Amino acid sequence: MLPDDLLAALRNAQHVCVLTGAGISAESGVPTFREAQSGLWEHYDPLDLATPEAFLRNPELVWRWYRWRRELVANAEPNAGHIALARLAGLVPKLTLVTQNVDGLHQRAGSSGVIEFHGNLFEDRCFVEGCIVEPGVEDSVPTCPGCGAQVRPGVIWFGEAIPERALHESFSAAAQCDVFLSIGTSSLVYPAAGLAEIAVKAGATVVEINPNPTGLAALFDHAISAEAGTAMPALLEATWP
Ligand code: OAD
């Protein structure tokens, strides 16, 4: 049973801001990062795979891991949670969808204007210039046709800055929205986790959707303890019956 004040806040919202994390893609079969047994970081050390230093040390290993993730995601399909969020855009005057995911499943579900906070798994970027490079022959470590430097996956690694525009747009959306939904994220990685805190301070109705409520849940107005693929369609159905 969803609380009436939550449904009213969503129905009357002029601007809804959503932050998603790996949990929203879990039901598509994409592993999350921190969950025991299935989480990617349970099996791999982020410092060996997701830092610029790791890439410089062993670019072949880093590329092998990212190619494995590309294949996994290419074989996955958006789930009911992604689809409900794409529908939500047509139900509210304004929706800002910020994702920490690099899998492109929101876009494949029909969402547009998605802010990719941590980049995109399928982009190739020049390690030196940062420009997008057209994928060429699948060399073990591709090189930039412009400058000859090594090419890297277009994701944001630990210790790297969030793209300026993504940061600016998402922080201003969090500060201006009436309802903020935090879906499928452990809320441990900043600055993304700070978005919900900004929304709380700005007086928005802040809601967490996660089968395992996080440390930030106590800050929020509502914590829906359920999987996104069930909770999101149910939330839409109850708000706009
Ligand atoms: P985490 O793996 O830290 O957290 C995933 C969250 O999803 C957990 O809190 C789970 O309880 C929850 N979850 C699992 N299944 C779910 C479901 N079906 N519906 C809803 N929630 C579910 O992933 P993130 O919070 O996204 O960054 O991690 C943040 C960042 O840390 C990632 O973007 C990545 C990682 O290191 C970089 O690589 C820079």
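Residues numbered from 1 in each chain as written. Predicted model: local features only at pLDDT ≥ 70, side-chain atom pairs only at ≥ 80, totals over all residues. Heavy atoms only, no water.

Visitor: Looking at this structure, how should I read helix 9 (residues 164–176)?
Guide: What sets the pattern is the α-helix's 3.6 residues per turn: residues three or four places apart point alike. An ideal rise of 1.5 Å per residue puts 18 Å on 13 residues; helix 9 measures up with 18 Å between its terminal C-alpha atoms. Restricting attention to buried positions, one finds in helix 9 the residues Ala 166, Ser 170, Ala 173 and Ala 174. Take helix 9 and look down its axis: the buried residues cluster within an arc of 100 degrees, on one side only. Residues of helix 9 that are exposed and point over 90 degrees away from its buried face: Glu 164, Arg 165, His 168 and Gln 176. Close packing links the buried residues of helix 9 with strand 1 (15–20), strand 2 (94–99), strand 3 (115–116), strand 6 (179–183) and helix 10 (194–201). (Helix = DSSP H or I, 4+ residues; strand = E, 2+ residues; numbered from the N terminus. Expected span 1.5 Å × (residues − 1). Buried < 20%, exposed > 50% of the residue type's maximum accessible area, 1.4 Å probe, protein only. Arc of directions from axis to C-beta. Contact = heavy atoms within 4.5 Å.)

Visitor: Help me understand the environment of Ala 84 in this model?
Guide: Examined against the element boundaries, Ala 84 turns out to sit in helix 7 (residues 80–88). It is 9.5 Å that separates the C-alpha atoms of Ala 84 and Ala 231, two residues lying 147 residues apart in sequence. Not counting the four nearest positions on each side in its chain, Ala 84 is found in contact with Met 232, Pro 233 and Leu 236.

Visitor: What exactly am I supposed to notice about the site of the ligand here?
Guide: In the vicinity of the ligand there are 23 residues, among which Phe 33, Arg 34, Thr 185, Ser 186 and Asn 210 approach most closely. One of the backbone N or O atoms of Phe 33 is found 2.7 Å from an oxygen atom in the ligand. One nitrogen or oxygen atom from the side chain of Asn 212 is found 2.8 Å from an oxygen atom belonging to the ligand. Expressed as a share of its isolated accessible area of 800 Å², the protein-covered part of the ligand is 94%. (Near = heavy atom within 4 Å. Polar contact = N/O pair within 3.5 Å; in protein donor to acceptor, adjacent residues only side chain to side chain. Areas by Shrake-Rupley, 256 points an atom, 1.4 Å probe, with all protein chains shown as cover.)

Visitor: I tried to follow the packing of aromatic side chains on my own but got confused; where do I start?
Guide: Aromatic ring pairs are described here by two measures, namely the spacing of the ring centres and the angle between the planes. All chains considered together, the criterion is met by 4 aromatic pairs. When the ring of Phe 55 is compared with that of Trp 157, the centres are 5.7 Å apart and the planes differ by 35 degrees; the resulting orientation is tilted. Here Phe 55, found in helix 5 (residues 52–57), pairs with Trp 157, found in the loop between strand 5 (151–155) and helix 9; they are 102 residues apart in sequence, far enough to count as distant. Summarising the burial analysis for this pair, Phe 55 and Trp 157 share the class buried. Centre to centre, the rings of Tyr 66 and Trp 157 are 6.2 Å apart; their planes meet at 50 degrees, and the pair counts as tilted. Remark: Trp 157 occurs in the loop between strand 5 and helix 9 and Tyr 66 occurs in helix 6 (residues 59–74); sequence separation between them is 91 residues. Three or more aromatic residues joined by ring pairs make a cluster, and in this case those are Phe 55, Trp 65, Tyr 66, Phe 127 and Trp 157. Stacked on the ring of Trp 157, the Lys or Arg Arg 152 has its end atom at 3.9 Å from the ring centre. (Phe/Tyr/Trp six-rings, centres within 6.5 Å; stacked < 30°, edge-to-face > 60°. Lys NZ or Arg CZ within 6 Å of the ring centre and 35° of its normal.)

Visitor: It is not clear to me how the packing of helix 9 against helix 10 should be interpreted in this structure. Could you clarify?
Guide: For any two helices packed against each other, the geometry comes down to the angle between their axes and how far apart the axes lie. Where helix 9 contacts helix 10, the two axes come as close as 7 Å, and the packing angle between them is 30 degrees. Our classification of the angle between helix 9 and helix 10 gives roughly parallel. Two packed elements cross with a definite hand, and for helix 9 against helix 10 that hand is right-handed. Listed contacts from helix 10 to Ser 170, Phe 171, Ala 174 and Ala 175 of helix 9 are Leu 195, Ile 198 and Ala 199. (Axes fitted to C-alpha atoms, helices over the stretch in contact; angles between N-to-C directions. Parallel < 35°, antiparallel > 145°, perpendicular 65-115°, else oblique. Left-handed = near helix turned anticlockwise from the far one by under 90°.)

Visitor: Would you mind going over the pattern of salt bridges with me for this structure?
Guide: Oppositely charged side chains are able to pair whenever their charged atoms sit close together. What the rule picks out here adds up to 6 salt bridges. Between Arg 108 and Glu 77 there is a salt bridge, and its shortest N-O distance comes to 3.8 Å. In this pair, Arg 108 is assigned in helix 8 (residues 105–109) and Glu 77 in the loop between helix 6 and helix 7, connecting sequence segments 31 residues apart. (Salt bridge = Lys/Arg side-chain N within 4 Å of Asp/Glu carboxyl O.)

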